[in-house]
Amino acid sequence: MRHIILLLIIQCFASNIDVQISYIDAPLINIHWCSDTVLALTSKGSVYRSDDRGRQWTKMSEIFHRKALIQLEDSDERVGIVNNLVPSPVDKSLVLFTGTDQIAWISLDCGKTITAVNAGKQLREYQFHPLEKDWIIASAWKQCGSDELLAGTPCVSYKELLLSQDTGITWHQIATYVNQFTWGVKNKEMAKYTPKERILASFEPQGKGHQSISNSTTVPFERVLGKEVGGSLQKLHEANGVEFELNAGVKRIGGVGQVQRVDLLNGKSLQADLVILGTGIQPNNKLAKDQLKISPNGGIETDVFLKAAKNVYASGDISSYPYWVTGEHVRIEHQNEAVRQGYVAALNILGRPTPLTDVPFFWTRQWDRTLAYSGVGQGFDEVIVDGDLSQQKFVAYYARKGRVVASASMNTPNAQMIISEALRLNVMPSAEDLKEKKVNLDDIKKIVLSKGSSCHCKRAGQCQSQL
Ligand SMILES: Cc1cc2nc3c(=O)[nH]c(=O)nc-3n(C[C@H](O)[C@H](O)[C@H](O)COP(=O)(O)OP(=O)(O)OC[C@H]3O[C@@H](n4cnc5c(N)ncnc54)[C@H](O)[C@@H]3O)c2cc1C
């Protein structure tokens, strides 16, 4: 389907209307005017420019592509796709174009000449200063270098804040471990009282916590399940023909017209005609972030009743609530938890105060085996395994400072039902007792039954009979 830009020139005092049609490659998603020059962005990421108020249009994709190749020494064929155009609030002719792969271009003359932004790292969020034309702040993720990854050194990644005072030519890092940021001057009126150099940023002074994510794993599923269980699952997958490339970040996905290869940071290149990205998600808190408190984990912070503010409740993936076991705010991404939280939030909205005191649970099928998990194991410092990892028949207990906070099991019927109940009733044995084999799953079951557990779940009858 061909998309068009229609230019209607209505001549006053004349009866005729001049209609001009220009063809573009996709529907328009943004238009920006700087006097006679017009910039138009299509949903395919192409920028068109007209210097005569829309009569003639030039497609600029080739220029964007070329400039990125020259300035960034990139060889990817896709470089040049533009996602958004952001005009400066001070000067209409100053426009920032953001593209795929965190590539950006700047133009001081409304697109007549463009320059790819080269800060030596991939910049992500940009903010023009509201009053100073040449000032821009932008964030970047400190990424692990290929040398670090190859050496297998633990490597942390965090958000940095960079400042340019010459319209993106030179950049200086001004803070690390940054969460959110903005210029401290909102408008001209406020600027009278506020120094214009002020930048407001929230960050983690300790340089620890949510923004330290390790790019280095030695086995799959290590972050959630630990090395032992992760290693067991790796063997299961390898026995079924899966090959792993661990500690080998993706440098580039390449191909012409379609994907043909994946280049890794360790120098290897894998042939591929289909790529599935299992990279996780980041919560989209855009709607709420200016009004509500956002936890470092990206969720909307609530109390134990899932209340975020007066008359505002958050439930499901987006809520960050205090987990009743540890008091720490957690954000759980499980279907049944989302359903349960919706129910709890609804009760609270209806005026029946109901704290969220569940033990999160999920299961996953790996080939012919099922792995079940209950609790919240984040920050675990010890894993106690009961069973045979080589046969994927085990119960693993995840402990923090000697207290079991979560568990995973495979091929052990009802283990997770029993452990979920023990966690819920707060009768889980200590990590030490489990490690020294003073207690086992049968003992935990006995303790649970002695508490007259009624099984706190939708299928209580079934759960009771299985216990
Ligand atoms: C690939 C994948 C596999 C998964 N597998 C499992 C699994 O096996 N087991 C399991 O337990 N969990 C799994 N999960 C997690 C599970 O899907 C989520 O925990 C669950 O869907 C969360 O439900 P929710 O209602 O909180 O959010 P969502 O299901 O994400 O629903 C949020 C809805 O809000 C809409 N929305 C967002 N912003 C706005 C807005 N501004 N205005 C209007 N609407 C808006 C979205 O379009 C969406 O429809 C998986 C998730 C993914 C992505």
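Residues numbered from 1 in each chain as written. Predicted model: local features only at pLDDT ≥ 70, side-chain atom pairs only at ≥ 80, totals over all residues.

Per UniProt, the protein has the following entry under Cofactor (unreviewed entry): "FAD". (UniProt positions renumbered as here; feature names shortened; annotations may be inferred.)

**With respect to the overall build of the protein**
Summing up its helical and strand segments, the protein has nine helices and 30 strands in all. Taken over 467 residues, the protein has a buried fraction of 29%. Within the protein, contacts between residues at least 6 apart in sequence are counted, and of these 42% link residues at least 24 apart. (Helix = DSSP H or I, 4+ residues; strand = E, 2+ residues; numbered from the N terminus. Buried ≥ 20, exposed ≤ 12 C-beta atoms within 10 Å, placed from the backbone. Contact = placed C-beta atoms within 7 Å.)

**Some thoughts on the nonpolar core**
Among the nonpolar cores identified, the biggest contains 39 residues, and Leu39, Val47, Phe97 and Trp105 are the most heavily contacted of them. With residues near it in sequence (within four places) discarded, Val47 still touches Leu39, Leu41, Met60, Phe64, Val82, Phe97 and Gly111. (Core = buried A, V, L, I, M, F, W, Y, C linked by C-beta atoms within 7 Å.)

**A closer look at the site of the ligand**
In the vicinity of the ligand, the residues found are Leu287, Gly316, Asp317, Glu333, His334, Gln335, Asn336, Ala338, Phe362 and Thr364. The set of elements that each furnish at least two residues to the shell around the ligand consists of helix H5 (335–349) and strand E26 (361–366). In terms of residue count, H5 provides more of the shell around the ligand than any other element does, three residues in total. (Near = placed C-beta within 6 Å.)

**Notes on the sheet that holds strand E8 (residues 95–99)**
As summarised here, the arrangement of the four strands in space is E7-E8-E9-E10, forming an open sheet in which the pairing is antiparallel. The sheet terminates laterally at strand E7 (82–87) and strand E10 (115–116), the two strands that pair on one side only. Two elements, E8 and strand E9 (residues 104–107), share four bridges in a ladder whose sense is antiparallel. If you follow Thr98 over to E9, its bridge partner there is Ala104. (Pairing = 2+ DSSP bridges.)

**Concerning the pairing of E8**
Of all the five residues making up E8, four are buried; the element is thus mostly covered by neighbouring parts of the structure. Bridge count for E7 against E8 is five bridges, and the pairing is antiparallel. Note on E8: the bridge partner recorded for Val82 is Gly99. Where E8 folds back on E9, the antiparallel hairpin that results is connected by four residues, among which Asp101 adopts a positive phi of roughly 55°.

**Details of unusual backbone geometry**
The phi torsion at Tyr177 lies on the positive side, around 55°, for a residue other than glycine. With respect to the secondary-structure elements, Tyr177 resides in the loop between strand E14 (172–175) and strand E15 (178–183). Classification of Tyr177 by C-beta neighbours within 10 Å gives buried; the count is 22. For Gln392, which is not glycine, the phi torsion reads 50° and is therefore positive. Among the secondary structure elements, Gln392 is positioned in the loop between strand E28 (382–388) and strand E29 (393–400).

**Looking at the packing of helix H6 (residues 415–424) against helix H8 (residues 441–450)**
Running from N to C, H6 and H8 cross one another at 50°; their axes reach a closest spacing of 9 Å. With respect to each other, H6 and H8 are oriented oblique. As for the relative orientation of H6 and H8, their crossing is left-handed in sense. Listed contacts from H8 to Ala415, Ile418, Ile419, Glu421 and Ala422 of H6 are Leu441, Ile444, Lys445, Ile447 and Val448. A class-by-class count of the residues in the contact of H6 with H8 yields eight nonpolar, no polar and two charged. (Axes fitted to C-alpha atoms, helices over the stretch in contact; angles between N-to-C directions. Parallel < 35°, antiparallel > 145°, perpendicular 65-115°, else oblique. Left-handed = near helix turned anticlockwise from the far one by under 90°. Nonpolar A, V, L, I, M, F, W, Y, C, P; charged D, E, K, R; others polar.)

**So, the environment of Ser409**
Among the structural elements, Ser409 can be located in strand E30 (residues 403–410). The class of Ser409 is buried, set by 27 C-beta atoms lying within 10 Å. In the structure, Ser409 is positioned ten residues away from Ile419 in sequence and 9.9 Å away in space, judged by C-alpha atoms. Not counting chain neighbours up to four residues away, the residues in contact with Ser409 comprise Ala372, Phe394, Val395, Ala396, Ala415 and Gln416.

**Topic: the sheet that holds strand E20 (residues 269–271)**
What the three strands build is an open sheet, ordered E18-E19-E20; its pairing is antiparallel. Pairing within the sheet leaves two strands with one partner each, and these edge strands are strand E18 (250–254) and E20. Averaged over all neighbouring strand pairs, the angle between strand axes comes to 20°, with direction disregarded.

**Notes on H5**
A rise of 1.5 Å per residue sets the reference length of H5, with its 15 residues, at 21 Å; its end C-alpha atoms lie 21 Å apart and thus fit the reference within 8%. Among the residues making up H5, those that are buried are Glu337, Arg340, Gln341, Val344, Ala345 and Asn348. Viewed end-on, H5 has its buried residues packed into an arc of 140°, placing them on one side of the element. Positive backbone phi, at 90°, marks Gly351, one or two positions downstream of H5. (Expected span 1.5 Å × (residues − 1). Arc of directions from axis to C-beta.)

**Structural notes on the confidence of the model for the protein**
Confidence along the protein averages 85 in pLDDT terms, with 85% of residues attaining 70 or more. Predicted confidence is poor over residues 209–215, with pLDDT under 50, and the contacts of this stretch with residues over four places away or in other chains come to 20 contacts. (pLDDT = per-residue confidence, 0-100.)

**Thoughts on H6**
By the criterion of burial, H6 is predominantly enclosed, with ten of the ten residues buried. A positive phi of about 60° marks Asn426, the residue just after H6.

**Some thoughts on the environment of Ile24**
With respect to the secondary-structure elements, Ile24 resides in strand E2 (residues 17–24). It is 9.0 Å that separates the C-alpha atoms of Ile24 and Trp57, two residues lying 33 residues apart in sequence.

**Observations regarding the environment of Glu197**
Mapped onto the secondary structure, Glu197 falls in the loop between helix H3 (188–191) and strand E16 (199–203). Sequence separation between Glu197 and Gly184 is 13 residues, and the spatial gap between their C-alpha atoms is 7.6 Å.

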